[in-house]
Amino acid sequence: MPETGSSNILFTSRCALVPEQFFEPSSARAMLVETANVPEEYGVSSVPVPWYGAVLIYAHPQGSEALPELYRLLEMAAALQDHNRIAAAYRDGVLYLVVAEDSELRLCNSFQAMDFTTAEYFLFMALGKLQINPEMSAVYFDTPLDSEQEMSLYRYFKSVEKP
């Protein structure tokens with residue numbers, strides 16, 4: 001699966017978000033391999049997410065300085081003014097999703113989704129579990145949507161936005 005997007009965005013699900021009080025920089029790789037498959041040749045880095053009291057640990061090809069898409073979505077969600085803050089991206093068969101209510105982070109995850117319909121399934125399943133009504137919410141997509149995907153989302157959401 002390709003992991004690099006533009007020179008500063010890394011589309012990877014090899015990430016873990018940990019509360020900052022549990023993060024130990026010297027144990028970053030060990031923490032990440034508990035939840036993700038990390039090839040030996042990959043580097044492991046971290047980036048603080050202070051607005052949610054967390055640190056995002058991620059694997060990347062050696063020499064890459066790109067930040068993961070999930071970090072961009074965490075930034076996007078924090079900057080939104082909505083009560084329900086839903087930031088998503090879909091690329092190469094993976095849905096990246098961050099959901100917050102006001103300043104409280106509720107979900108930060110990625111889902112293997114071979115097609116956009118499956119990605120929508122995971123999106124609605126997550127919102128249902130979090131008891132968030134899509135009809136009262138906007139969804140913000142960081143990756144391009146074709147017209148069919150956008151119209152499909154409009155059937156359920158108050159609006160579909162692009163940053």
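Residues numbered from 1 in each chain as written. Predicted model: local features only at pLDDT ≥ 70, side-chain atom pairs only at ≥ 80, totals over all residues. Heavy atoms only, no water.

With respect to the sheet that holds strand S3 (residues 42-49)
Reading across the sheet, the 3 strands line up as S2-S4-S3 and stay open at both edges, with antiparallel pairing between neighbours. Looking at which strands have only one partner, the edges of the open sheet turn out to be strand S2 (15-19) and S3. Across the sheet, the axes of successive neighbouring strands diverge by a mean angle of 25°, strand direction being ignored. On the sheet, helix H2 (residues 69-79) packs against S2, S3 and strand S4 (54-61) and is oriented at approximately 5° with respect to S3. (Pairing = 2+ DSSP bridges. Helix = DSSP H or I, 4+ residues; strand = E, 2+ residues; numbered from the N terminus. Axes fitted to C-alpha atoms, helices over the stretch in contact; angles between N-to-C directions. Contact = heavy atoms within 4.5 Å.)

Things to note about the packing of aromatic side chains
The way to describe two aromatic rings as a pair is by their centre distance and the angle between their planes. According to the stated counting rule, one finds 9 aromatic pairs in the structure shown. Ring plane angle 75° and centroid distance 5.6 Å describe the contact between Tyr90 and Phe116, whose orientation is recorded as edge-to-face. Of this pair, Tyr90 sits in strand S6 (residues 84-91) while Phe116 is found in helix H3 (residues 116-129), placing the two residues 26 residues apart along the sequence. Residue classification places Tyr90 among the buried residues on the basis of a relative accessible area of 16%. What makes Phe116 buried here is its relative accessible area of 10%. Clustering of aromatic rings is evident, with ring pairs tying together Trp51, Tyr52 and Tyr71. One Lys or Arg, Arg14, reaches over the ring of Tyr42 and ends 5.1 Å from the middle of that ring. If you follow Arg91 out to its NZ or CZ, it ends over the ring of Phe11, 4.5 Å from the centre. (Phe/Tyr/Trp six-rings, centres within 6.5 Å; stacked < 30°, edge-to-face > 60°. Buried < 20%, exposed > 50% of the residue type's maximum accessible area, 1.4 Å probe, protein only. Lys NZ or Arg CZ within 6 Å of the ring centre and 35° of its normal.)

Comments concerning the sheet that holds S6
Here we have 5 strands laid out as an open sheet, ordered S8-S7-S6-S9-S10, and mixed in their pairing. Unpaired on one side and paired on the other, strand S8 (104-112) and strand S10 (159-161) mark the two borders of the sheet. Strand-to-strand twist of the sheet, defined as the mean angle between neighbouring strand axes without regard to direction, takes the value 20°. Direction of pairing for S6 relative to strand S7 (residues 94-101): antiparallel, over a ladder of 8 bridges. Residue Ala87 lies in a different strand from S7, and its bridge partner there is Val98. Across the face of the sheet, H2 comes into contact with S6, S7, S8 and strand S9 (138-141) while running at roughly 30° to S7. Along the sheet, H3 contacts S6, S7, S8 and S9; its crossing angle with S7, the most-contacted strand, is approximately 25°.

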